[in-house]
Amino acid sequence: MQEIHLSDPLIEAITSCTEDIRTIAAYASMSLDMQSCAYDLLDALLAAKEVDSTVFQDNGFKAVTRSFIEIYDKSADVIGRAFNEEVLVREAAERQSVFDKDLLEARFKAAAAESLHEFAKETFEVWQNSGIFARRRALKALRDRAGFRLESHRIGNYVAKTYDLMEEARREHQKAQQASFAANVTYKIRAGVYSDIYRLLTENR
């Protein structure tokens, strides 16, 4: 199995950002993905320097560093002009809105599933402790809310069933929360990220 070095993912990231610089220079515009890629690269480079500064002396790393520095030297001015915080923030908000919508829907489903489970427990209590008419009314109300068939002689099973549905809805809500959090890249939008990468690479080459 080929050994994976600390420099390997950094080499890939620098190569990707170098290609982004070429695109930025050609079209005088910067996308949110390009900005995020550069931010992540800078963060990874700073972390790598703290862990093992010799990573900067890797031959493969030095080769892609030279390419980045050369293209940046030619394109620094256009990169600065291409950064538009307002446009990037708007793009980030549009992407985030999709995840926020999913999160809101998951939150409602989780709340509804929890409410149904509590109602199932209440119905079970009525079924055990009340008269026939109260039991029938409670079972009918639970059937109307549940959305699936309930058999009167198996009412206890539906307490367990609604519990499982509640737990599944909670897991989906948690996944939606994590996805929404991960999708928020607004903090990566700041000017000068490419120039910070350039300075770090030139100082350590």
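Residues numbered from 1 in each chain as written. Predicted model: local features only at pLDDT ≥ 70, side-chain atom pairs only at ≥ 80, totals over all residues. Heavy atoms only, no water.

**A few points about the overall build of the protein**
Across its full length, the protein carries seven helices and zero strands. Ordered by position from N to C terminus, the α and β elements of the protein give α-α-α-α-α-α-α. Here the protein, with 205 residues, has 36% of them falling under the buried criterion. Expressed as a percentage of contacts within the protein between residues at least 6 apart in sequence, the contacts between residues at least 24 apart total 79%. Just so you have it, the protein exposes about 12700 Å², and 51% of that area is on carbon and sulfur atoms. Across the protein, the 28 positively charged side chains and the 33 negatively charged ones have centroids separated by 10 Å. (Helix = DSSP H or I, 4+ residues; strand = E, 2+ residues; numbered from the N terminus. Buried < 20%, exposed > 50% of the residue type's maximum accessible area, 1.4 Å probe, protein only. Contact = heavy atoms within 4.5 Å. Areas by Shrake-Rupley, 256 points an atom, 1.4 Å probe, with all protein chains shown as cover. Lys, Arg positive; Asp, Glu negative; His and termini not counted. Charge placed at Lys NZ, Arg CZ, Asp CG, Glu CD.)

**Side note on the environment of I24**
Here I24 lies in helix α1 (residues 7-27). Under the relative-accessibility criterion, I24 is labelled buried at 0%. Residues I24 and S180, spaced 156 residues apart in sequence, show a C-alpha to C-alpha distance of 28 Å. When residues no more than four places from it in sequence are discounted, the contact partners of I24 are S29, M30, M34, V78, I79, A82 and Y194.

**Re the nonpolar core**
In this structure, L45, F68, Y194, I197 and L201 are the most contacted members of the largest nonpolar core, which totals 36 residues. In terms of residue count, helix α3 (residues 59-82) provides more of this core than any other element does, nine residues in total. Excluding anything up to four places from it in sequence, L45 contacts L10, I14, F56, F61, I197, L200 and L201. In this structure, L116, F119, L142 and A146 belong to the second largest nonpolar core, which totals six residues. (Core = buried A, V, L, I, M, F, W, Y, C linked by side-chain atoms within 4.5 Å.)

**Topic: the pattern of salt bridges**
As enumerated under the stated definition, the model contains 12 salt bridges in all. A salt bridge links E19 to R22, with the nearest nitrogen and oxygen atoms 2.7 Å apart. Remark: R22 and E19 occur in helix α1; sequence separation between them is three residues, near one turn of the helix. Judged by relative accessible area, R22 falls into the partly exposed class, the value being 39%. The structure contains a network of salt bridges with shared partners spanning D33, E91 and R95. (Salt bridge = Lys/Arg side-chain N within 4 Å of Asp/Glu carboxyl O.)

**A short note on the packing of helix α2 (residues 32-51) against helix α7 (residues 193-204)**
The contact between α2 and α7 brings their axes to 9 Å, and the two run at 30°. Crossing of α2 over α7 shows left-handed handedness. Facing α2, whose interface residues are M34, Q35, A38, Y39, L41, L42, L45, L46 and K49, α7 presents V193, Y194, D196, I197, L200, L201 and N204. (Axes fitted to C-alpha atoms, helices over the stretch in contact; angles between N-to-C directions. Left-handed = near helix turned anticlockwise from the far one by under 90°.)

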